[in-house]
Structure formats: structure tokens, C-alpha cells
Amino acid sequence: MAVETTYTAPSAGRLFFALWVPPACAGTLHAMAGAVVGRSGGRLMREDTLHLTLAFLGDIAERRLPALLEHAAGLSLPRVPVCLDRLGFWAQNHILFAGSSAPDPALGALADSLQESLKEAGFLAETRAFVPHVTMLRKLLHPGKLPALPAQAWEAEEFALVRSWRSDRGAAYETVARWPLQAAVVS
Ligand code: 2AM
């Protein structure tokens, strides 16, 4: 008699590559988001989880993690300027985010080349148009008038592979590994 098995390979979790938001900027965004929650509701992202996603992988099998880490370690990606200077609201997914009125093309180029390399290596099935943003608040229904965001600018010096999962306190995030972005060579 045939024995039916439903085997699911162990998962390394829900993975994505991201730039962590530096603490000073995270503090500003978190305080602004807190003010919006006080007025309009929604679920605040924890200050230490604020990030800008470069490439979203989703569930990756545990056995593929070493190859993914090796792939990322072998990349040579440049440092990029990041500037967040406006708050925005996406009605379709109820997200309040910090974005850029004029994103530096180098940031888009970084995300594109990371996504392309992951696609070529078989870790990404599809690539999506990159819209740089930092999610500050979820489940917001009616944002009201959004406050002006004083420009938050920095140079990203490293990128990280992050694992996320649902916890009692909302989404939890853990850095799996991080790698430096390369400084421009001055000749
Ligand atoms: P969000 O903040 O706009 O929701 C972890 O879930 C991170 O991956 C979040 O920054 C989330 O973006 C992003 N993310 C989740 N699903 C995604 C998808 N299908 N494509 C691109 N990014 C995604």
C-alpha cells in the first residue's frame, strides 16, 4: 500500500534584503508615526525594525541558505545616498510610509542590480519595480492630513539579509547577516 507523505522542506523563514534605517532617523520616524496613531489609529512599527527593503525573497528553504549567503558575500555593491523627505499613504494596503520626493538613481540602481543577481542565481522568481520606502505604520484606514517630514538623509554603508516572522508583539525582524557596501574609489 502506498504511504502518503506531505513533506515540506524546513524553511529558513521569510527573507528579504534591506537597508536598516539609522537610529536617529528611526527615532524621528517612530515619533511621527506615533503622533499619527494617536490621531488616526493603525499599528505602529517598532523603532528598531524600521528598514528599507531592497529585494523581497519570501520563504526560502533552509538548505538554500548557505548558497544565498555565499552569493550575497560575493556581490560588490556601492554605498548609496538615501533621503527620506515625505510621508505617504497607500490606501490599498493601509500603509503609512516615508519616501523620497526625488530618490537618488543610485539607490534604484542598487536595488535593481541586487534583484537581477538574485534572479540569475535562482533566488528570486520575479522582480518588481522598486519603490523606495520605509513602512512606519500598518492597518491605517484614514490618515487625515499627514505632517511634513524634515529631510532625513544618510549614506547607506551596508546591506543586510533579514528574516521576519509574526510574534505576539507584531512582526519581529532578525538580521541573518550583513555586508559592507563599497566606498567609491577616488582616483
Ligand atoms: P512593506 O513594508 O511595504 O510591507 C518584510 O515583509 C519587508 O518586505 C517589508 O518591508 C515589506 O514591504 C516587504 N515585502 C513584503 N512582501 C513583499 C513583496 N511581495 N514584494 C516586495 N516587498 C515585499
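What comes next concerns the included structure. Residue positions are given per chain, counting from 1 as you read along its sequence in written order. Per-residue local features of the predicted model are confined to residues with pLDDT of at least 70, and side-chain atom pairs are confined, for both listing and counting, to 80 or more; whole-chain, interface and lining totals are unaffected and use all residues. Hydrogens and waters are ignored; side-chain quantities use all the structure's heavy atoms.

## Side note on the pairing of strand 1 (residues 11-20)
In summary, the side chains of a regular strand alternate between the two faces of the sheet. The buried label applies to any residue whose accessible area, calculated with a 1.4 Å probe on protein chains only, is under 20% of its type's maximum; exposed applies above 50%, and partly exposed to all values in between. Numbering goes from the N terminus for both helices and strands, where a helix is a DSSP run of H or I of at least four residues and a strand is a run of E of at least two. Within strand 1, 7 of the 10 residues are buried, leaving the element largely enclosed by the surrounding structure. What makes two strands pair is DSSP finding at least two bridges between them. As judged from the 8 bridges shared by strand 1 and strand 3 (residues 51-61), these two strands associate in the antiparallel manner. Residue pairing across strands places Arg14 opposite Asp59, the latter belonging to strand 3. Pairing of strand 1 with strand 9 (residues 158-167), which is carried by 5 bridges, proceeds in the antiparallel orientation. Within the sheet, the bridge partner assigned to Phe16 lies in strand 9 and is Val162.

## A short note on the packing of aromatic side chains
Given two aromatic rings, one states the distance between the centres and the angle between the planes to describe the pair. Think of it this way: a Phe, Tyr or Trp ring, Trp meaning its six-membered ring, pairs with another when their centres are within 6.5 Å, and the plane angle makes it stacked under 30 degrees, edge-to-face over 60, tilted otherwise. In the structure shown here, the tally under the stated rule is 5 aromatic pairs. Pairing Phe17 with Phe159 gives two aromatic rings, centres 6.0 Å apart and planes at 35°, and the pair type is tilted. Here Phe159 lies in strand 9 and Phe17 lies in strand 1, a separation of 142 residues in the sequence. The residues Phe17 and Phe159 share a single accessibility class, namely buried. Ring centres 6.2 Å apart and planes at 40° place the aromatic pair Phe17 and Trp179 in the tilted group.

Coordinates in, geometry out; function isn't part of it.
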